[in-house]
Amino acid sequence: MKNRSVKAFIQSMPKVELHVHLKGATRPETILKLAKKNNVELPAKTLPEMAKWFEFKSFNHFIDIYSLNASCFAEPEDVEFAAREFLAEQARQNIVYTEVTYTINQRKMPFKPQLEALNRAKAWAQEEFGISMNYVIDIPRNFENMDPSAFSTLFATHAVQGMGNGVIALGLAGKESTHAVADFSDGFDIAKEAGLPIIPHAGEAMGAQSMFDAIEHCDPPRIGHGVRCVEDKNLMALLKERQIHLEISPTSNICLGIFDSMADHSFAEIAAAGIPYSINSDDPPYFNTTLTDELIIVAERLNWTIEDVQAHMLKTAEATLLPDAEKAALISKISQPFKIDDFRLDSMTT
Ligand SMILES: [Zn+2]
């Protein structure tokens, strides 16, 4: 990096993250512990075996691993424990606010105690670290035999029930190839009726058409990934015109084979096109990354100055789904240490 102080600034500055999955952020050690406690049979029994298991062969292979790991959660205490660990790591990176995606474990626990467990962890982190989070409740489209109408209705109903209690959006995640976006319309209608925004994953495993479909059926303020928008100029023009924000997670896209290398990644083209975007970690331990690392990668490639990093993070805060007063408070909070003249390089580690 040209300017080492940019890296130090990224490491220290207060950050906001919009796209990270709680169950995808759970440490392998914790997954092993929960599997043992809840008698879930995993193909890996030790950390080295977990590392080998995490060598993803394809997007769908990753989703299979994610789903099996998520099934290790059996009690609200498991959710609270993982959420506390997650928030402690966010605090370590000075991520002061996160919109975290949570996949409901609908087979083993009712939703209400899961939401209460998340909110206990949230209250703890607010007290302990002064940081906060809210939830995107996603519809997992992983199950080939499911009825998408019933499934999306169930998850959207839960998400709407959690409004005002931490839930700020309905998501759509998992295997894009299993069902079309339109198949989940019944769930989207429930969210729209309640005024709950929808943030679908699209333009990751599938191409531009998946994003056109997501825009048509979800009217999303943001799209998870969306990095394959560069395959269609009309789509890029539409994203710019409507200022639909893309939640980009560069290393995730490399690990899952969406792009061959970081040099091939589309984020520079997206940035140059004037499409709003943020940088995120997605499932950090799976991809051996952190939000800090992702920001450093992008800053290096785009030759960002400290001022550029500052502007990017303020735009990320603008793209949160917080009510206006809370958003203003967040922007004020992350702006305070952005007084660059006060930025003391000698107190940083690089
Ligand atoms: Zn994701």
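Conventions used here
- Residues numbered from 1 in each chain as written.
- Predicted model: local features only at pLDDT ≥ 70, side-chain atom pairs only at ≥ 80, totals over all residues.
- Heavy atoms only, no water.
- Helix = DSSP H or I, 4+ residues; strand = E, 2+ residues; numbered from the N terminus.
- Rg over C-alpha atoms; globule rule 2.2 N^0.38 Å.
- Buried < 20%, exposed > 50% of the residue type's maximum accessible area, 1.4 Å probe, protein only.
- Contact = heavy atoms within 4.5 Å.
- Areas by Shrake-Rupley, 256 points an atom, 1.4 Å probe, with all protein chains shown as cover.
- Core = buried A, V, L, I, M, F, W, Y, C linked by side-chain atoms within 4.5 Å.
- Donors = N, O, S within 2.8 Å, 3.2 Å for Na, K, Ca; no water.
- Salt bridge = Lys/Arg side-chain N within 4 Å of Asp/Glu carboxyl O.
- Phe/Tyr/Trp six-rings, centres within 6.5 Å; stacked < 30°, edge-to-face > 60°.
- Lys NZ or Arg CZ within 6 Å of the ring centre and 35° of its normal.
- Patch = residues over 30% accessible without salt bridge, like charges linked within 9 Å, V, L, I, M, F, W, Y side chains within 5 Å.
- Lys, Arg positive; Asp, Glu negative; His and termini not counted.
- Charge placed at Lys NZ, Arg CZ, Asp CG, Glu CD.
- Pairing = 2+ DSSP bridges.
- pLDDT = per-residue confidence, 0-100.

Draft legend 1. The overall build of the protein, seen in detail. Scanning the protein for helices and strands turns up 15 helices and 8 strands. By the compact-globule yardstick of 20 Å for 350 residues, the protein fits well, its C-alpha radius of gyration being 19 Å. For the protein, the residues scored as buried account for 57% of the 350 residues in total. Taking contacts inside the protein between residues at least 6 apart in sequence as the whole, the part at least 24 apart equals 74%. Split by element, the accessible area of the protein, about 14,500 Å² in all, is 51% carbon and sulfur.

Draft legend 2. Expanded view of the nonpolar core. Residues Leu-170, Phe-188, Cys-229, Leu-239 and Leu-246 are the most contacted members of the largest nonpolar core, which totals 107 residues. Excluding its chain neighbours within four sequence positions, the residues that come into contact with Cys-229 are Met-211, Leu-235, Met-236, Leu-239, Leu-246, Ile-270 and Ile-275. Counting 5 residues, the second largest nonpolar core, distinct from the first, contains Val-136, Ile-168, Ile-199 and Leu-321.

Draft legend 3. A look at the environment of Ala-317. Here Ala-317 is to be found in helix H14 (residues 306-318). Taking C-alpha positions, Ala-317 is 6.3 Å from Ile-331, a pair spaced 14 residues apart along the chain.

Draft legend 4. Region of interest: the coordination of the zinc ion. Of the protein atoms, only His-19 (NE2), His-21 (NE2), His-201 (NE2) and Asp-282 (OD) coordinate the zinc ion, at distances of 2.1 to 2.4 Å. Along the chain, the residues donating to the zinc ion are arranged with the sequence spacing H-x1-H-x179-H-x80-D. A single burial state applies to His-19 and to His-21, both of which are buried.

Draft legend 5. Quick look at the pattern of salt bridges. Counting across every chain of the model gives 13 salt bridges. A salt bridge links Arg-27 to Glu-85; the nearest nitrogen and oxygen atoms lie 3.1 Å apart. With a gap of 58 residues between them, Arg-27 in the loop between strand S1 (15-21) and helix H2 (28-37) and Glu-85 in helix H5 (residues 76-92) connect regions that are remote in the sequence. Ionic pairing is found between Lys-233 and Glu-269, a salt bridge with its closest N-O pair at 3.5 Å. Linking Lys-233 in helix H10 (residues 233-242) with Glu-269 in helix H12 (residues 267-272), this pair joins segments that are 36 residues apart in sequence. A residue is classified by how much of its surface remains accessible, and Lys-233, at 58% relative accessible area, is exposed. One network of salt bridges, in which partners are shared, links Arg-27, Glu-29 and Glu-85.

Draft legend 6. How the structure looks around the packing of aromatic side chains. Summed over all chains, the structure comprises 8 aromatic pairs. A ring pair is formed by Trp-124 and Phe-129, whose centres lie 5.3 Å apart and whose planes are at 85 degrees; its orientation type is edge-to-face. Arranged with centres 4.9 Å apart and planes meeting at 50 degrees, the rings of Phe-151 and Phe-155 form a pair that is tilted. Here Phe-151 pairs with Phe-155, and both are found in helix H7 (residues 148-161), just 4 residues apart, close to one helical turn. Neither Phe-151 nor Phe-155 differs from the other in exposure class; each is buried. One aromatic cluster is present, built from ring pairs that chain together Trp-53, Phe-54, Phe-62, Tyr-66, Tyr-286 and Phe-287. Of note, Lys-23 hangs over the ring of Phe-73, and the distance from its end group to the ring centre comes to 5.0 Å. The ring of Phe-267 has Arg-301 lying over it, and the distance from NZ or CZ to the ring centre is 4.8 Å.

Draft legend 7. Region of interest: a negative patch on the surface. A contiguous patch of negative charge on the surface is contributed by Asp-147, Asp-186, Asp-189 and Glu-193. Inspection of the secondary structure puts Asp-189 in helix H8 (residues 185-194). Taking relative accessible area as the criterion, Asp-189 reaches 43% and is therefore assigned partly exposed.

Draft legend 8. Inspection of the pairing of S1 at higher detail. The element S1 is extensively covered by neighbouring structure, given that 7 of its 7 residues are classed as buried. The sheet contact formed by S1 and strand S2 (residues 95-102) spans 5 bridges and is parallel. Paired with Val-20 across the strands is Val-100, a residue of S2.

Draft legend 9. Up close: the environment of Cys-229. By secondary structure assignment, the location of Cys-229 is in the loop between strand S6 (222-225) and H10. Here the alpha-carbon distance between Cys-229 and Leu-42, two residues 187 residues apart in the chain, equals 36 Å.

Draft legend 10. Layout of the confidence of the model for the protein. Of the residues in the protein, 94% reach a pLDDT of 70 or more, and the chain-wide mean stands at 92. Overall, residues 341-350 carries pLDDT values under 50, and its contacts beyond four positions in sequence, including any with other chains, amount to 14 contacts.

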